[in-house]
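Remarks on the overall topology
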Amino acid sequence: MHRSFRRTTVALSVPAVLLLSSCSTEGLGDTDALSGVELHYTEEGAPEVILRNPLEIEEEASRVLDRGDGEDLDEEQILEVSHAVVDPETGEVQEESFTEGNPSMVFLPQMQEQSEFIFDSLTDTDLTVGSEIALFEPANAESQAPATLLVLRVEGQSEAYATGEAQEQSGDLPEIESTEGEAPALAGEITGDAPEETTSEVLIQGDGDEIAADDQVVVRYSGWKYSDGEEFDSNWPTDDEEADPGPAGFPLANLVPGWAEALEGKQVGSRVLMVIPPEAGYGEVDEDAEEGAQNELAGETLIFVVDLIASADAPEPAAATAPESGQPELTEEEIQEMIEEMEGQQEGGAEGGDAGSGGDSENTDENQNEEETE
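Note that the structure is predicted; figures quoted are calculated from it, not measured.

Conventions and cut-offs
- Residues numbered from 1 in each chain as written.
- Predicted model: local features only at pLDDT ≥ 70, side-chain atom pairs only at ≥ 80, totals over all residues.
- Heavy atoms only, no water.
- Salt bridge = Lys/Arg side-chain N within 4 Å of Asp/Glu carboxyl O.
- Buried < 20%, exposed > 50% of the residue type's maximum accessible area, 1.4 Å probe, protein only.
- Helix = DSSP H or I, 4+ residues; strand = E, 2+ residues; numbered from the N terminus.
- Contact = heavy atoms within 4.5 Å.
- Pairing = 2+ DSSP bridges.
- Patch = residues over 30% accessible without salt bridge, like charges linked within 9 Å, V, L, I, M, F, W, Y side chains within 5 Å.
- Areas by Shrake-Rupley, 256 points an atom, 1.4 Å probe, with all protein chains shown as cover.
- Lys, Arg positive; Asp, Glu negative; His and termini not counted.
- Charge placed at Lys NZ, Arg CZ, Asp CG, Glu CD.
- Core = buried A, V, L, I, M, F, W, Y, C linked by side-chain atoms within 4.5 Å.
- Polar contact = N/O pair within 3.5 Å; in protein donor to acceptor, adjacent residues only side chain to side chain.
- Phe/Tyr/Trp six-rings, centres within 6.5 Å; stacked < 30°, edge-to-face > 60°.
- Lys NZ or Arg CZ within 6 Å of the ring centre and 35° of its normal.

Some thoughts on the pattern of salt bridges
Counted under the stated rule, the structure contains six salt bridges. The salt bridge partner of Glu 230 is Lys 225, with a shortest N-O separation of 3.0 Å. Residue Glu 230 is classed as partly exposed on the basis of its relative accessible area, which comes to 41%. Judged by relative accessible area, Lys 225 falls into the buried class, the value being 15%. Several salt bridges converge on common partners, so that one network encompasses Lys 225, Asp 228 and Glu 230.

A short note on the side chain of Arg 63
Assignment of secondary structure puts Arg 63 in strand S5 (residues 61-66). Setting aside residues no more than four positions away along its own chain, Arg 63 makes contact with Glu 26, Gly 27, Thr 31, Asp 32, Leu 34, Ser 35, Ile 133 and Ala 134.

Observations concerning the environment of Val 106
Looking at the secondary structure, you find Val 106 in strand S8 (residues 104-107). Val 106 sits in the buried class, given a relative accessible area of 4%. For the pair Val 106 and Pro 247, spaced 141 residues apart in sequence, the C-alpha separation works out to 9.8 Å.

Considerations on the pairing of strand S14 (residues 199-205)
Regular strands place their side chains on alternate faces of the sheet. Looking at chain direction, strand S11 (residues 165-166) and S14 are connected through two bridges and run antiparallel. Within the sheet, the bridge partner assigned to Glu 165 lies in S14 and is Gln 205. Relative to strand S18 (residues 271-276), S14 is paired through five bridges, and the arrangement is antiparallel. The partner of Ile 204 across the bridge, within S18, is Arg 271.

Some details on helix H2 (residues 116-123)
Since the α-helix packs 3.6 residues into each turn, any two residues three or four apart lie on the same face. Counting buried residues along H2, seven of its eight residues qualify, which places the element largely inside the surrounding structure. Turning to H2, its buried residues are Phe 117, Ile 118, Phe 119, Asp 120, Ser 121, Leu 122 and Thr 123. Taken together, the buried residues of H2 touch strand S2 (27-28), S5, strand S6 (78-86), helix H1 (108-114), strand S9 (132-137) and strand S10 (148-158).

As for a negative patch on the surface
Where like charges cluster on the molecular surface, the negative patch consists of Glu 71, Asp 72, Asp 74, Glu 75, Glu 76, Asp 124 and Asp 126. Along the chain, Glu 71 falls in the loop between S5 and S6.

As for the nonpolar core
Among the nonpolar cores identified, the biggest contains 22 residues, and Val 219, Trp 259, Leu 263, Met 274 and Val 306 are the most heavily contacted of them. Judged by nonpolar contacts, the second largest core, of 20 residues, contains Val 64, Leu 79, Val 106 and Leu 135.

Topic: the environment of Ser 131
Looking at where Ser 131 falls in the secondary structure, it is placed in the loop between H2 and S9. On a C-alpha basis, the gap between Ser 131 and Leu 73 in space is 10.0 Å, while along the polypeptide they are 58 residues apart. What Ser 131 contacts, discounting residues up to four positions off in sequence, is Asp 66, Arg 67, Gly 68, Leu 152, Arg 153 and Val 154. Only 2.8 Å separates the side chain of Ser 131 from the backbone nitrogen of Gly 68, close enough to count as a polar contact. Engagement of the side chain of Ser 131 in a polar contact is seen with the backbone oxygen of Thr 128, the distance being 2.8 Å.

Examining unusual backbone geometry
Despite not being glycine, Asp 126 has its phi angle at roughly 60°, a positive value. The residue Asp 126 is located in the loop between H2 and S9 in this model. Phi at Gln 144 is positive, roughly 60°, even though this residue is not glycine. Position of Gln 144 relative to the elements: it lies in the loop between S9 and S10. The exposed category is assigned to Gln 144, whose relative accessible area is 71%.

Notes on the pairing of S9
Burial analysis of S9 places six of its six residues in the buried class, which makes it a mostly covered element. Burial along S9 is two-sided: Glu 132, Ala 134 and Phe 136 facing one way and Ile 133, Leu 135 and Glu 137 facing the other are all buried. For S5 and S9, the ladder comprises five bridges, and the chain directions are antiparallel. Following the sheet pairing, Ala 61 is matched in S9 by Phe 136.

Some thoughts on the environment of Ile 309
Along the polypeptide, Ile 309 turns up in strand S19 (residues 302-313). The spacing of Ile 309 and Gly 269 is 40 residues in sequence and 5.4 Å in space, taken between C-alpha atoms. Contact partners of Ile 309, with chain neighbours within four places excluded, come to Ile 78, Glu 159, Ala 160, Tyr 161, Val 218, Val 219, Arg 220, Pro 247 and Val 268.

Observations regarding the packing of aromatic side chains
Under the defined criterion, the tally for this structure stands at five aromatic pairs. Ring geometry for Phe 232 and Phe 304: centres 5.6 Å apart, planes at 85°, overall edge-to-face. Taken together, the residues span a long stretch of sequence, with Phe 232 in strand S16 (residues 231-234) and Phe 304 in strand S19 at a distance of 72 residues. Residue class for Phe 232 comes out partly exposed when judged on its relative accessible area of 26%. Here Phe 250 and Trp 259 contribute two aromatic rings whose centre-to-centre distance is 6.1 Å and whose plane-to-plane angle is 80°, an arrangement assigned as edge-to-face. Per residue, the accessibility class of Phe 250 equals that of Trp 259, and both read buried. What links up through ring pairs into an aromatic cluster is the set Tyr 221, Phe 232, Phe 250, Trp 259 and Phe 304. The lysine or arginine in question, Arg 220, covers the ring of Trp 236, its NZ or CZ lying 4.9 Å from the ring centre.

Written out as structure tokens, the structure is:
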């Protein structure tokens, strides 16, 4: 619960322990212990949490603070959630995303794998879009994590795949079996020469925001090698028995260049087919490279089908902080004066050297004085 939340597929860090004494639409565990928690907002929309009493609970508990009037939550969808991390003794808000306009994204099937407590708190309490809920986590002696109060507001929900109007394929790229909500597949053998440049086309047309080359995206995807049609990666579930790995979120700048080239300008909600040559993928094979130094997909033209579920501005990298030297900052004029002074000292030293053994008696006396001072 202490990690920063970002607009991506996220995991809330809580123990996956569920030893609760009650379960109702009001919350889980000792809901009465959270009855004194109130959520208010400033004029700017920042959350303010009022505690009538410090929270002294020894187990996980949750309580619905306000039931929204939106649609019921769907366990197969992605929730958009604003959050506040709160000191359970004082009510001080230590971290919040309400005012950022950039909710976190929680994929409920993934959440069920990571924390039954949070999953059940969100799904077994008849929450709807617009609802607010408080979740309490007691102190953890093993991890030395302090007790934490988390307040969430469900801002919305969306499908965990592309939704829109199916588009007819051009025939220039490999044919794809494409059905909304299902994993894509190659329709048959790949024929024809691979394109020499990154090429893409839309299979399902969404109506969301356009993707920028430096965005962070949340996607479903599958990838195949153009050379033999072998699937090398996918985050779609392979069968009904296997847990759904869920959508993945990452900045486009962290991926091979072909992704940004193909997805820039496409709309959220779309399913995009793209073919990426080695130059925009993992590069050509280097025969002189040491074993293991190159990606196993080097030299391969890659086929990807990507469902664009969401996008946001990528987080800016933290600025590097220069170590403190303990010296005052100097202006350009002061720096130039220092340079001129050093040059003058060097010229003086050269003249003294030409004069013979260590310079005249005056210079010798000055050096002795400097040594004594040191």
